[in-house]
Amino acid sequence: MTTIPAEANVVAPTERNLQIAGELVRNGGVVVAPSDTNLALTMDPWNSAAVERAFAIKRRPPTSPLTLFVRHPQEWQEYTQVPEALREAVRRLTDAFWPGPFNIVLPRNTRIPDHLVCGGPTVAIGCLSNPTVQRLIETTGRPVAMTSANLSGQADGVLVDLDLAVEQIGQSVDMVVKGGHQGTTASSTIVTAATVPFRVLRLGDITADQIRAALGDLAHLLED
């Protein structure tokens with residue numbers, strides 16, 4: 001695995017540093033990268049040891065599914081098995097809110113490893129607008145898994161910024177990439193479209209009214 005000296009652990013998002021970060025992720029490392037909300041522990045979703053290490057860094061049992069972040073909005077189709085009757089609704093939501101702070105929970109297909117979703121039947125997928133993480137995902141050559149870069153239970157109700165991430169877990173990861181969020185003031189909005197009715201699991205800057213507007217004549221699929 002590529003290593004970097006401790007004093008260089010926090011780096012600017014230059015092309016060279018992003019190439020190194022991508023190599024670290026590809027080789028099973030865990031890096032901190034920006035998102036549209038929190039700074040996040042970032043790893044290869046298909047590497048179970050990397051996922052276990054991320055939970056150990058957070059000091060949290062590996063009992064919560066992680067979110068898969070793709071490079072391009074249409075990639076949700078590669079990792080899910082959405083019934084044909086619901087695909088248009090999912091397309092409308094992803095077209096409206098991706099890239100951006102919006103995660104959608106869908107039935108997973110066999111490309112999703114059990115350890116990413118704790119053996120469950122669904123996967124949460126996001127597509128971020130932050131240019132730094134977009135470039136990082138591009139260097140890895142495939143999606144990444146992310147979870148907020150903080151110790152478990154020690155950042156409730158706040159977005160994890162650079163100072164908090166470095167203070168709590170900076171010395172436990174292989175690299176911290178600066179980059180900042182993209183103007184989001186709240187957590188990402190999460191919608192489950194795995195079954196009907198669709199449900200809002202968490203509201204962020206994207207509101208329920210915006211979700212209904214994006215669905216248009218399919219808004220009846222969303223729970224009131």
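*Asks:* Got a minute to help me understand the pairing of strand β5 (residues 100-107) in this structure?
*Replies:* On a regular strand, each side chain points to the face opposite its neighbour's, so the side chains alternate between the two faces of the sheet. Judged by how many residues are buried, β5 sits mostly within the fold: eight of eight residues are covered. In this structure, β5 lies alongside strand β6 (residues 122-127), joined through six bridges in antiparallel fashion. By the bridge assignment for β6, isoleucine 104 is matched with isoleucine 125. Bridge count for β5 against strand β9 (residues 189-192) is four bridges, and the pairing is parallel. Directly across from asparagine 103, in β9, lies its bridge partner isoleucine 190.

*Asks:* Just checking my understanding: could you explain the packing of helix α3 (residues 84-97) against helix α7 (residues 208-215) for this structure?
*Replies:* Two measures define how a pair of helices packs: the angle their axes make with one another and the distance between the axes. Contact geometry of α3 with α7 gives a least axis separation of 8 Å together with a crossing angle of 120°. As summarised for this structure, α3 and α7 are arranged oblique, according to the angle between their axes. Remark: the crossing between α3 and α7 carries right-handed chirality. Taking contact as the criterion, the partners of Ala89, Arg92, Leu93, Ala96 and Phe97 in α3 are, on α7, Gln210, Ile211, Ala214 and Leu215. Here the contact of α3 with α7 is composed, by residue class, of seven nonpolar, one polar and one charged.

*Asks:* Just checking my understanding: could you explain the packing of aromatic side chains for this structure?
*Replies:* Pairs of aromatic rings are described using the distance from one ring centre to the other and the angle between the two planes. Applying the stated criterion across every chain, the model contains two aromatic pairs. Pairing tryptophan 46 with tyrosine 79 gives two aromatic rings, centres 6.0 Å apart and planes at 45°, and the pair type is tilted. Of the two residues, tryptophan 46 sits in the loop between β3 (40-43) and α2 (48-58) while tyrosine 79 sits in the loop between β4 (67-69) and α3, which places them 33 residues apart along the sequence. Classification of tyrosine 79 by relative accessible area gives buried; the value is 3%.

*Asks:* It is not clear to me how the sheet that holds β4 should be interpreted in this structure. Could you clarify?
*Replies:* Judged by pairing direction, the sheet is mixed, and its 10 strands sit side by side in the order β1-β8-β2-β3-β7-β4-β6-β5-β9-β10 without closing on themselves. Each of the sheet's edge strands pairs with one partner strand only, and the pair in question is β1 (10-11) and β10 (199-202).

Criteria and cut-off values
- Residues numbered from 1 in each chain as written.
- Predicted model: local features only at pLDDT ≥ 70, side-chain atom pairs only at ≥ 80, totals over all residues.
- Heavy atoms only, no water.
- Buried < 20%, exposed > 50% of the residue type's maximum accessible area, 1.4 Å probe, protein only.
- Helix = DSSP H or I, 4+ residues; strand = E, 2+ residues; numbered from the N terminus.
- Pairing = 2+ DSSP bridges.
- Axes fitted to C-alpha atoms, helices over the stretch in contact; angles between N-to-C directions.
- Parallel < 35°, antiparallel > 145°, perpendicular 65-115°, else oblique.
- Left-handed = near helix turned anticlockwise from the far one by under 90°.
- Contact = heavy atoms within 4.5 Å.
- Nonpolar A, V, L, I, M, F, W, Y, C, P; charged D, E, K, R; others polar.
- Phe/Tyr/Trp six-rings, centres within 6.5 Å; stacked < 30°, edge-to-face > 60°.

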